Amino acid sequence: MSQKETQSSNIRPFKKKRELNLGIILFSIVLIYLLITVMMYLTSKHVSAYEVREGSILKDNSYTGLVLREETVVHTESSGYVTYFISEKSKIRRGTSIFTLSDAPLDTQTSTGADSTFLSGSHQIDFLSKIQNFSNTFKESDFTGIYTLKSEILSALQPINNQTMVSQLDELLASNSGSHIQVSSSERDGIILFHIDGYEEVTPDTFQDSNLVKAELETTILDTGDHLDAGDAVYKLVTGEIWSIIVEIDEETRDLLSETTSMKTRIGAEREISWADLSLIEKKGHHYACLTYDHSMIRYASDRFLDVELILEDESGLKIPKTSVTQKSFYEVPSEYLTREKNSSATGVLVKSKEKSSDTFLEIGTYFYSADQTSCYLDSNLFEKNTTLVHPKSQETIPLKTPVKLDGVYNINKGYVVFKRVEILCENDDYYIISDHTENGLSNYDHIALDAATVEENEIIFQ
């Protein structure tokens, strides 16, 4: 073998050292993390959360009711053409000149007293101020304020209009000294109306079922220029401030209102909130509610029928779904049995020991006071059966017997389940309104389990 061949056979290939690929390692770590996260998500329990918000529940029944009030129809003693000198719904006193009867219709338009219909500077300022205040406070979501403004302006215009009419009457009497004009005055105080409907003598005791049919109402309007015969109705006076609305109700509503003596209502197009005295009436198998008011009569003096809502429930507070509410067992004990351990701020109770010579302090954690603060509710899971508590001062004892059930929800703000007591104020088909003043209770924007049946207390949850 030659020397060249010997050198060639001694050559060995050099193995390259593998370099560490940092990118592949990082990718692998991220991939493993994602796989673990996905597996945990797929295999863990998921809880649907509900954010507690302030809300309200309104339960009401709407009706169209018959309006009854103390009314007197005034009739003429002679015939003639009538001319009125008082505007409708004006408050009048006894002796006020109301109308005239004459042989021929009177022309009130030529009276120079018509100039007095112009508003004085003070009246103009007053009206502009009312309109400006309304404009500054008006909200599109609450259109009912326009009706209040209308009532205020009409009330302010009535005295001015009546003064103008009285001036016209004086001028007519002076300019028609040769004509036969009979002036009639009111014999009573009251609110004057110029329409007759035949229901003036109907009362809450004498009304009939047919009286509540709005389509049966026939109203006669009395107007200046009409010719009246002796004995005809000429105007109507409302002589009392007490008035009523009669509505027909079903048996379910009757039973619901059987022990109610006052009712929150919403009246008319203005939807004005008013409280009424409530009485129930039964006639020939039909049930009626009589709502009696002692205010705002003049506003509705010309109405025989009014839309009215009976507000059965109107509560505001925290709104939660019914599915979130559960119950938990608690022992109710006098608040005076609560105490604090020495050198500690922890609240607890003294438990009578069966074996030890001294009583045992047991920290109770979360507890709830009753409404009158004289008793409190302690978690029944903290105590063994037949446990006896010891008064921290008098050493009197009280056995823990039958627990009571308290309504509550599961709060999940911190990632684990905590029971929070709730006090239910009212409800509808899907939601409760609860008090926002319950001690150790819920607050606005808290998160709770949407379905209480899907979680357990102290459980760690994923949302």
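The text that follows walks through the structure, step by step, so that each part is easy to find. None of the values given here were measured: they were computed from a predicted structure.

Let's shift gears to the nonpolar core. Judged by nonpolar contacts, the single largest core of 23 residues is most densely connected at Trp243, Ile245, Leu291 and Tyr293. At the level of elements, β2 (53–75), β7 (190–193), β11 (233–249), β12 (262–267), β13 (272–283), β14 (286–293) and β15 (305–321) are the ones that each hand at least two residues to this core. Per-element accounting of this core gives the leading share, five residues, to β11. Ignoring anything within four residues of it in the chain, the contact list for isoleucine 245 reads Gly65, Leu66, Val67, Ile267, Ala289, Cys290, Leu291, Tyr293, Leu306 and Val308. If you look at the next biggest cluster of nonpolar residues, it comprises 16 residues, including Tyr84, Ile86, Leu101 and Val234.

Let's shift gears to a nonpolar patch on the surface. A contiguous nonpolar patch, built from Leu22, Ile25, Leu26 and Ile29 and spanning about 380 Å² of accessible area, is present on the exposed surface. With respect to the element layout, isoleucine 25 can be found in helix α2 (residues 22–43). Given a relative accessible area of 33%, isoleucine 25 falls into the partly exposed group.

Here strand β5 (residues 97–102) lies mainly inside the structure; five of its six residues are buried. Bridge count between strand β3 (residues 80–84) and β5: four bridges; the pairing is antiparallel. Paired with threonine 83 across the two strands is threonine 100, which belongs to β5. Bridge count between β5 and strand β6 (residues 181–185): five bridges; the pairing is antiparallel. Considered in β6, the bridge of serine 102 is made with isoleucine 181.

Okay, the packing of aromatic side chains next. What describes a pair of aromatic rings is the distance from one ring centre to the other and the angle between the planes of the rings. Tallied over the full model, the rule gives 12 aromatic pairs. Centre to centre, the rings of phenylalanine 368 and phenylalanine 419 are 6.4 Å apart; their planes meet at 75°, and the pair counts as edge-to-face. Of the two residues, phenylalanine 368 is situated in strand β20 (residues 368–369) and phenylalanine 419 in strand β25 (residues 418–421); the sequence distance between them amounts to 51 residues. Judged on exposure class, the residue phenylalanine 368 and its partner phenylalanine 419 are both buried. Seen from their ring centres, tyrosine 410 and phenylalanine 419 are 6.3 Å apart, and the 70° between their planes marks the pair as edge-to-face. One aromatic cluster in this structure is built from Tyr84, Phe99, Phe194 and Tyr235. The lysine or arginine in question, lysine 283, covers the ring of phenylalanine 207, its NZ or CZ lying 4.0 Å from the ring centre. The ring of tyrosine 431 carries lysine 319 above its face, with NZ or CZ at 4.9 Å from the centroid.

Conventions adopted
- Residues numbered from 1 in each chain as written.
- Predicted model: local features only at pLDDT ≥ 70, side-chain atom pairs only at ≥ 80, totals over all residues.
- Heavy atoms only, no water.
- Core = buried A, V, L, I, M, F, W, Y, C linked by side-chain atoms within 4.5 Å.
- Buried < 20%, exposed > 50% of the residue type's maximum accessible area, 1.4 Å probe, protein only.
- Helix = DSSP H or I, 4+ residues; strand = E, 2+ residues; numbered from the N terminus.
- Contact = heavy atoms within 4.5 Å.
- Patch = residues over 30% accessible without salt bridge, like charges linked within 9 Å, V, L, I, M, F, W, Y side chains within 5 Å.
- Areas by Shrake-Rupley, 256 points an atom, 1.4 Å probe, with all protein chains shown as cover.
- Salt bridge = Lys/Arg side-chain N within 4 Å of Asp/Glu carboxyl O.
- Pairing = 2+ DSSP bridges.
- Phe/Tyr/Trp six-rings, centres within 6.5 Å; stacked < 30°, edge-to-face > 60°.
- Lys NZ or Arg CZ within 6 Å of the ring centre and 35° of its normal.

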